[in-house]
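Commentary on secondary and tertiary structure
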There are 2 protein chains.
Amino acid sequence: MREHTLSILVEDRAGVLSRVSGLFSRRGFNIDSLAVGPCEEPDTSRITIVVCGDDALIEQIQKQLNKLIDVIKVSDITDYEHVSREIALIKVNAESGSSRAEVMQIATTFRAKIIDVGTKTVILEVTGNCDKIDALEKLLRQYGVREFVRTGRIAIMRGSKTISVPK
Amino acid sequence: MREHTLSILVEDRAGVLSRVSGLFSRRGFNIDSLAVGPCEEPDTSRITIVVCGDDALIEQIQKQLNKLIDVIKVSDITDYEHVSREIALIKVNAESGSSRAEVMQIATTFRAKIIDVGTKTVILEVTGNCDKIDALEKLLRQYGVREFVRTGRIAIMRGSKTISVPK
């Protein structure tokens with residue numbers, strides 16, 4: 001049982017996301033994170049899914065994904081050297097000047113950007129891997145995290161090897 | 001017909017994502033972008049969906065989402081002052097020294113980070129709103145974009161107003 005990162009190329013049509021995520025839920029898998037957006041080809045999207053499971057089970061799911069209409073390609077990039085990133089927006093309480101200064105100090109340490117300062121709250125933008133974002137959120141909890149919005153993880157293999165639409 | 005940004009708080013259970021995205025596809029809506037990740041409460045996730053549609057139709061969908069099991073709260077933040085962000089990883093061809101230098105120059109202009117340099121390719125990380133990422137990808141196309149991975153958009157309201165789990 002370990003975390004797998006799947007990169008799935010799909011045709012950009014209504015329903016594809018629900019078919020892909022449905023395949024996981026019918027097998028009782030809870031998706032840890034999911035991100036979907038356009039890719040380098042027109043009318044094609046890329047779904048990045050992070051899910052925990054046995055290697056054999058994930059391999060089975062990959063085969064079933066490949067059989068779905070609109071799925072072009074499925075790759076498990078877990079064992080390849082890759083970079084992963086996500087972004088989070090965090091709204092933190094900062095009613096007094098001193099707590100605001102402290103929150104801003106923490107932001108600097110984590111190379112987070114301050115994107116909004118109000119009379120009662122501050123909004124931070126932070127980019128990085130999962131652990132960095134978790135650590136920052138944990139540290140900010142003492143001030144009161146009012147809202148925490150996070151994208152799913154995206155990942156790309158290092159070097160020139162790619163996961164792209166076969167020509 | 002215009003773009004709407006919906007922020008949906010859900011219980012973190014298997015199947016919720018497929019039920020939410022299925023509701024859109026059954027009505028023929030194609031989701032432009034979707035991001036899902038943990039939020040400030042344990043066992044709760046936040047789904048941010050960008051979708052195009054008439055105001056009245058989106059309002060209807062919001063009502064239907066609210067009726068779904070596991071959906072805690074649905075908010076359309078389109079008309080509130082908000083900040084939106086996404087992140088993209090772009091693998092670009094850079095086989096010659098001169099094209100590598102040009103790609104790096106463009107990266108600097110867009111405040112993108114170079115996160116990997118190989119003998120044939122360079123990987124850029126860029127954060128921002130949709131338009132900025134589109135503009136950068138368009139500019140890099142002349143060198144050959146090998147892979148383009150993008151998260152869905154996330155958004156947060158400015159100021160102290162929040163979308164959070166009712167206590």
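Rules of the game
Residues numbered from 1 in each chain as written. Chains lettered and ligands numbered in written order. Predicted model: local features only at pLDDT ≥ 70, side-chain atom pairs only at ≥ 80, totals over all residues. Heavy atoms only, no water. Least-squares fit on C-alpha atoms with pLDDT ≥ 70 in both. Contact = heavy atoms within 4.5 Å. Domains from an automatic or database assignment. Helix = DSSP H or I, 4+ residues; strand = E, 2+ residues; numbered from the N terminus. Buried < 20%, exposed > 50% of the residue type's maximum accessible area, 1.4 Å probe, protein only. 1 Å grid on protein atoms, 1.4 Å probe; cavity = no way out; pocket = protein on both sides within 12 Å on 5 of 7 lines; lining within 4 Å. Points joined across faces, edges and corners; volume = space filled by probe spheres on them. Nonpolar A, V, L, I, M, F, W, Y, C, P; charged D, E, K, R; others polar.

**A closer look at the relation of the copies chain B and chain A**
Least-squares fitting of chain B to chain A yields an RMSD of 0.0 Å, with the transformation described by 0.0 Å of translation along the axis and a rotation of 180°. On this basis, the relationship between the two copies can be described by a two-fold rotation axis. Counting the interface residues of chain B, we find that 100% of their copies in chain A are interface residues as well, pointing to one common contact surface.

**What about the domain arrangement of chain A?**
Splitting chain A by domain gives domain 1 (2-79) and domain 2 (83-154). Here domain 1 of chain A and domain 2 of chain A have C-alpha centroids that lie 30 Å from each other.

**Side note on the environment of Glu81 of chain A**
Residues and elements named next belong to chain A. Mapped onto the elements, Glu81 comes out in the loop between strand E4 (71-76) and strand E5 (82-93). Taking relative accessible area as the criterion, Glu81 reaches 61% and is therefore assigned exposed. Separated by 77 residues in the primary sequence, Glu81 and Arg158 have C-alpha atoms spaced 5.9 Å apart. Apart from residues lying up to four places away in sequence, Glu81 is in contact with Met157 and Arg158.

**Structural notes on the layout of surface pockets**
Its volume calculated, the largest pocket comes out at about 370 Å³. Forming the walls of the largest pocket are 17 residues, and the residues nearest its centre are Lys113 and Glu125 of chain A together with Arg111, Lys113 and Thr127 of chain B. When residues in the lining of the largest pocket are grouped by element, the largest group, four residues, is from strand E7 (residues 121-128) of chain B. A class-by-class count of the residues in the lining of the largest pocket yields four nonpolar, four polar and nine charged.

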